[in-house]
Amino acid sequence: MDDLKTRGLVLLGCGKMGSAMLKGWLAGGLPPSSVTVLDPHPSEWLQSTGVALNTDLPANPAIVLVAVKPQMMGDALPTLQKLGNGDTVFLTVAAGISIATYETMLGADTPIIRAMPNTPAAIGRGITGIVGNVKVSGAALDMAEGLLKAVGQVVRLDTEAQIRPLTAISGCGPAYVFHLIEAMALAGEKAGLSADMAMQLAKATVGGAGQLAEDSDEGPAQLRINVTSPGGVTAEALRVLMDETDGFVPLMERAVAAAITRDEELA
Ligand SMILES: NC(=O)c1ccc[n+]([C@@H]2O[C@H](COP(=O)([O-])OP(=O)(O)OC[C@H]3O[C@@H](n4cnc5c(N)ncnc54)[C@H](OP(=O)(O)O)[C@@H]3O)[C@@H](O)[C@H]2O)c1
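Residues numbered from 1 in each chain as written. Predicted model: local features only at pLDDT ≥ 70, side-chain atom pairs only at ≥ 80, totals over all residues. Heavy atoms only, no water.

If you look the protein chain up in an unreviewed UniProt entry, it shows as Pyrroline-5-carboxylate reductase from Celeribacter baekdonensis B30. If you open the UniProt record of the protein chain and go to Sequence similarities (unreviewed entry), you find "Belongs to the pyrroline-5-carboxylate reductase family." In its Pathway (unreviewed entry) section, UniProt records this for the protein chain: "Amino-acid biosynthesis; L-proline biosynthesis; L-proline from L-glutamate 5-semialdehyde: step 1/1." (UniProt positions renumbered as here; feature names shortened; annotations may be inferred.)

> Please clarify how the sheet that holds strand S4 (residues 63-66) should be interpreted in this entry.
Note: strands within a sheet are paired through backbone hydrogen bonds, in either parallel or antiparallel orientation. Strand order in the open sheet formed by eight strands is S3-S2-S1-S4-S5-S6-S7-S8, and the pairing between neighbours is mixed. On the outer flanks of this sheet lie strand S3 (52-53) and strand S8 (152-156), each paired with one strand and no other. Bridge analysis of strand S2 (residues 35-38) against S3 gives two bridges, and the strand direction is parallel. Note on S3: the bridge partner recorded for Thr-36 is Ala-52. (Pairing = 2+ DSSP bridges. Helix = DSSP H or I, 4+ residues; strand = E, 2+ residues; numbered from the N terminus.)

> Is there a simple way to explain a nonpolar patch on the surface in this structure?
A cluster of nonpolar side chains, contributed by Leu-180, Met-184, Leu-241, Met-242, Phe-248 and Leu-251, occupies part of the molecular surface with about 500 Å² of accessible area. Elements with a contribution of two residues or more to the nonpolar patch: helix H8 (173-190) and helix H12 (248-266). (Patch = residues over 30% accessible without salt bridge, like charges linked within 9 Å, V, L, I, M, F, W, Y side chains within 5 Å. Areas by Shrake-Rupley, 256 points an atom, 1.4 Å probe, with all protein chains shown as cover. Salt bridge = Lys/Arg side-chain N within 4 Å of Asp/Glu carboxyl O.)

> I keep staring at helix H5 (residues 99-106) and nothing clicks. Help me out?
Each full turn of the α-helix corresponds to 3.6 residues, which orients residues three or four apart in the same direction. Taken together, the buried positions of H5 are Ile-99, Tyr-102 and Leu-106. Buried residues of H5, seen end-on, are gathered within an arc of 60° and therefore sit on one face of the element. In this structure, the buried side of H5 is in contact with helix H4 (73-76), strand S5 (89-92), strand S6 (112-116) and strand S7 (126-132). Where H5 ends, the next residue or the one after it, Gly-107, has phi of about 115°, a positive value. (Buried < 20%, exposed > 50% of the residue type's maximum accessible area, 1.4 Å probe, protein only. Arc of directions from axis to C-beta. Contact = heavy atoms within 4.5 Å.)

> Would you mind showing me how to read the UniProt feature "binding site: NADP(+)" (unreviewed entry) in the protein chain here?
Sites flagged by UniProt as "binding site: NADP(+)" (unreviewed entry) map to Leu-12, Gly-13, Cys-14, Gly-15, Lys-16, Met-17, Ala-67, Val-68, Lys-69 and Pro-70. Their sequence span is 59 residues, while the largest C-alpha to C-alpha distance among them is just 13.8 Å; these annotated residues converge on one region. As for its placement among the helices and strands, Cys-14 is situated in the loop between strand S1 (9-12) and helix H2 (16-27). The contacts of Cys-14, once residues within four sequence positions are left out, are Ser-19, Leu-22, Val-37, Leu-38, Asp-39, Trp-45 and Leu-46. Structurally, Lys-69 can be placed in the loop between S4 and H4. Owing to a relative accessible area of 57%, Lys-69 belongs among the exposed residues under this scheme.

> Honestly, the pairing of S7 in this entry has me stumped. Any pointers?
Residues in a regular strand point their side chains to alternate faces of the sheet. Of all seven residues in S7, five are buried, a share of seventy percent or more. As paired elements, S6 and S7 share four bridges and run antiparallel to each other. Looking at the pairing, Met-116 lines up with Gly-129 of S7. Sheet topology note: the S7/S8 ladder contains five bridges and is parallel. Paired with Thr-128 across the two strands is Val-154, which belongs to S8. On the question of chirality, the crossover connecting S7 to the parallel S8 by way of helix H6 (residues 138-149) is right-handed. (Right-handed = clockwise from strand over helix to strand, strands pointing away.)

This is the structure we're talking about:
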């Protein structure tokens, strides 16, 4: 972390994911003076943080965090090419794009780490999968892991191929959960609750159940059984949700398959 504070961190693209991570790091004590952000339209929040914005780059930053959309990579990355082939670690959160593609754009000797975080990083509750190329030293991987741990959990992947299913589960996953909240609130409203109360109930239920699933010694299956009184109310809802042909499991499998297909296209 000292190396990071001294040499600096460059953030390329500060939209939803970049700002979620930057928020977590600044809240965790990373000095704004160590951060340089390149983004064509900095948000008001970003301008208020005190980081260097769209200025000259540090000569040899410890990390460049690449957080532009995959579709923008060809335009955005060449501005940082001069930092390639050195000991600056490129940590990229972009979906789809392979390490080999970065090596072609930045130089084959560039240390490159692919990471797939998720937006709960903004409140220190993210989870990120990481995998590096052969140029990434153990110390560099530790530094990246340390940085990412400031915004949540980190898992190290054995192969680059694993980042694709991980993206479809934890990278995209918050969106699935937010949609579950929307769906529960809408159903509550249709069943006669006010919109505000239905939303409050849905948010608190998903938040509380998620926390319980993380904290409990019991697994999710047992926690589900604990809610399901025999012959009671939940069992009837689960009969619908756990249907083998059109319940949650086949629906989630289709959703994850669609995400994986798109990730392949973006590559
Ligand atoms: N959102 C997520 O939950 C999530 C999770 C994991 C990984 N990711 C990855 O994170 C990356 C960013 O996604 P996002 O959802 O944060 O998208 P986003 O909100 O559109 O953020 C991208 C940012 O990059 C800026 N940008 C565009 N061209 C640039 C350039 N040439 N130089 C510097 N900055 C430039 C954009 O500015 P303008 O908007 O003004 O064009 C925007 O602020 C993607 O590669 C995605 O795969 C996202």
